[in-house]
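Results of the structural survey
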Amino acid sequence: MSHILIIGAGGVSQAATVKCAMNSQVFTKITLASRTKSKCDKIAKFIKDKVGVDIDTAAIDADDTAAVVELIKNIKADLLLNVALPYQDLTLMDACSQTKIPYIDTANYEHPDTAKFEYKLQWAKDGDFKSANTMALLGSGFDPGVTNVYCAYAKQYLFDEIEYIDILDCNAGDHGYAFATNFNPEINLREVSAKGRYYKDGKWIETEPMEIGFSWDYPKIGPKDSYLLYHEELESLVKNIPTLKQIRFFMTFGQSYLTHMKCLENVGMLRIDEVEHNGVKIVPIQFLKTLLPDPASLGARTKGKTNIGCVITGIKDNKPRKVYIYNVCDHQECYQETGVGAVSYTTGVPAMIGSMMVAKGIWSAKGVFNMEEFDAKPFMDELNKQGLPWEIIEMAPNETRLIKEI
């Protein structure tokens, strides 16, 4: 029996909160809090109408650790799920260590003024959580999150040694807009416009944005152009799978998206520093966010599927082995179930499952941890039960679904 405090009220939060309500035997009480309480109330009404479960709502400034501590104590929360912005990871972690309750998030910390993300500052809080006799679970979304668990499952159950991993994220959904982002525009555009990076033979190799790409044949979708990005799960997987010789991350983008993004970058709209406009200081990328469609509104109009998975190569019983573990999600099916599309669904459902692993004591430890540091099987079993079923293709060691280099 657990009282979960969920902070954040966007599309991912709606998916996670709906799923928590659908698992009310685990999450016996739910409080949803955000800076804008009306957004929480809207989600609460959806849940009451759809699932028949009542949840509590509250207003909170996630940047204010003391206020979050007070809220946790007042409502007697047992664990906290952070589906707010990555900028707020550290303040919310501090609130959890101070109140001695577990912390779960979906993305690693980013500084608002620096287009860079890494686990360093979150990992540094390991001692705080050990002293508090509780745990922090980092990156319980899909990528990071499920992709980490896929790799852990492969390491624990399918391979004796893992050498190569390619993480492949395809969103083949069509929302009908000329340009829109599938999650928070500020976070999305900072991530995509940054330089790429991958790990090979003990070194990190940096690339220009979109420098490396190929057309990949995604199961149940078909060929899509995919480009190398840096993604945070690479950092923890390199740390926790020491036999790795190479790991890369690829994401699909259509030419229209890339053209719009390059144009916006060229005119300065992706800048994260302040500029003065008519005597008022604004941050261009934050202003752009106000002009673009709200990602939470895309679910009703997005049609098509997503495919996110890992191609993993290594050794089993002294023989080479290669597997492709993936999930395919349908945008409209996700929307009918939770009121949001597949991008929010594929992050929100694993956020709930990670919280479930912690709430039930299936994953239990003291300190700060990434997803791949626990037994993968219970999480993999829940993926099949909770709407994100996975499949495995056994590939020949030299087999590829690469169509052509870009």
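The notes below deal with the structure included here. (Residues numbered from 1 in each chain as written. Predicted model: local features only at pLDDT ≥ 70, side-chain atom pairs only at ≥ 80, totals over all residues. Heavy atoms only, no water.)

A word on the overall build of the protein. Of regular secondary structure, the protein possesses 14 helices and 19 strands. On C-alpha atoms alone, the protein measures out to a radius of gyration of 20 Å, which is about the 22 Å that the 2.2 N^0.38 rule sets for 406 residues. When its C-alpha atoms are laid out on the principal axes, the protein stretches across 60 × 55 × 40 Å. Here the protein holds 406 residues, and the buried ones make up 57% of them. Entry remark: accessible area of the protein is about 16700 Å², with carbon and sulfur atoms responsible for 49%. (Helix = DSSP H or I, 4+ residues; strand = E, 2+ residues; numbered from the N terminus. Rg over C-alpha atoms; globule rule 2.2 N^0.38 Å. Buried < 20%, exposed > 50% of the residue type's maximum accessible area, 1.4 Å probe, protein only. Areas by Shrake-Rupley, 256 points an atom, 1.4 Å probe, with all protein chains shown as cover.)

In this model, helix α13 (residues 342-359) (18 residues) spans 25 Å end to end at C-alpha, consistent with the 26 Å of a helix rising 1.5 Å per residue. A large share of α13 lies buried, amounting to 17 of its 18 residues. (Expected span 1.5 Å × (residues − 1).)

Here we have seven strands laid out as an open sheet, ordered β3-β2-β1-β4-β5-β6-β17, and parallel in their pairing. One side of each edge strand has no neighbouring strand; the edge strands of this open sheet are β3 (56-59) and β17 (367-370). Within this sheet the neighbouring strands show an average axis-to-axis angle of 20°, counted without direction. Bridge count between strand β6 (residues 135-138) and β17: four bridges; the pairing is parallel. Following the sheet pairing, Leu138 is matched in β17 by Asn370. Taken strand by strand, helix α2 (residues 37-51) contacts β2 (27-34) and β3, and its axis lies near 170° from that of β3. (Pairing = 2+ DSSP bridges. Axes fitted to C-alpha atoms, helices over the stretch in contact; angles between N-to-C directions. Contact = heavy atoms within 4.5 Å.)

Turning to the pairing of strand β9 (residues 203-207), a few remarks are in order. Across five bridges, the pairing between strand β8 (residues 196-200) and β9 is antiparallel. By the bridge assignment, Tyr198 is partnered in β9 with Ile205. Taking the residues that link successive antiparallel strands as the turn, the β8-β9 hairpin has two residues, and the phi of Asp201 there is positive, at about 50°.

What the rule picks out here adds up to 23 salt bridges. Linking Lys29 and Asp56 is a salt bridge whose minimum nitrogen-to-oxygen distance equals 3.6 Å. Placement of Lys29 in strand β2 and of Asp56 in strand β3 is noted, with a sequence separation of 27 residues between them. In this structure Asp56 comes out as partly exposed when scored by relative accessible area, which is 37%. When salt bridges that share partners are traced, they join Arg35, Asp61 and Asp63 into one network. (Salt bridge = Lys/Arg side-chain N within 4 Å of Asp/Glu carboxyl O.)

All right, on to helix α4 (residues 89-99) then. Taken across its eleven residues, α4 has nine buried, putting it largely inside the fold. At the C-terminal side of α4, Lys100 shows a positive phi close to 65°.

Looking at where His3 falls in the secondary structure, it is placed in strand β1 (residues 2-7). Linking His3 and Phe27, residues 24 residues apart in sequence, is a C-alpha distance of 5.9 Å. Sequence-distant contacts of His3, defined by excluding residues within four places in its chain, comprise Lys29, Ile30, Thr31, Ile75, Lys76, Ala77, Asp78 and Leu79.

Once that is clear, we can look at the packing of aromatic side chains. Scanning the entire structure with this criterion turns up 17 aromatic pairs. With 5.2 Å between their ring centres and 35° between their planes, Tyr153 and Tyr157 make a pair best called tilted. In this pair, Tyr153 and Tyr157 both sit in helix α7 (residues 146-158), four residues apart, roughly one turn of the helix. When the centroid spacing of 6.1 Å and the interplanar angle of 75° are considered together, the rings of Trp216 and Tyr324 count as edge-to-face. Here Trp216, found in strand β10 (residues 213-218), pairs with Tyr324, found in strand β16 (residues 319-330); they are 108 residues apart in sequence, far enough to count as distant. For Tyr324, a relative accessible area of 0% translates into the label buried. Through a chain of ring-to-ring contacts, the aromatic side chains of Phe214, Trp216, Phe250, Tyr324 and Tyr326 assemble into a single cluster. In this structure, Arg197 is placed above the aromatic ring of Trp204, and the distance from its NZ or CZ to the ring centre is 5.0 Å. (Phe/Tyr/Trp six-rings, centres within 6.5 Å; stacked < 30°, edge-to-face > 60°. Lys NZ or Arg CZ within 6 Å of the ring centre and 35° of its normal.)

Along the chain, Arg248 falls in strand β12 (residues 246-252). Among the polar contacts listed, one links the side chain of Arg248 to the side chain of Asp166, at a separation of 2.8 Å. With sequence-adjacent residues up to four places away left out, Arg248 is seen in contact with Ile165, Asp166, Ile167, Tyr198, Phe214, Leu228 and Leu234. (Polar contact = N/O pair within 3.5 Å; in protein donor to acceptor, adjacent residues only side chain to side chain.)

Right, let's get into the packing of helix α8 (residues 185-193) against helix α10 (residues 255-266). Put simply, α8 and α10 touch, their axes get as near as 11 Å, and they point 90° apart. The orientation of α8 relative to α10 falls into the category roughly perpendicular. Residues Asn188, Leu189, Val192 and Ser193 of α8 touch α10, and the partners they reach there are Tyr257, Met261 and Glu265. Residue composition of the contact of α8 with α10, by class: four nonpolar, two polar and one charged. (Parallel < 35°, antiparallel > 145°, perpendicular 65-115°, else oblique. Nonpolar A, V, L, I, M, F, W, Y, C, P; charged D, E, K, R; others polar.)

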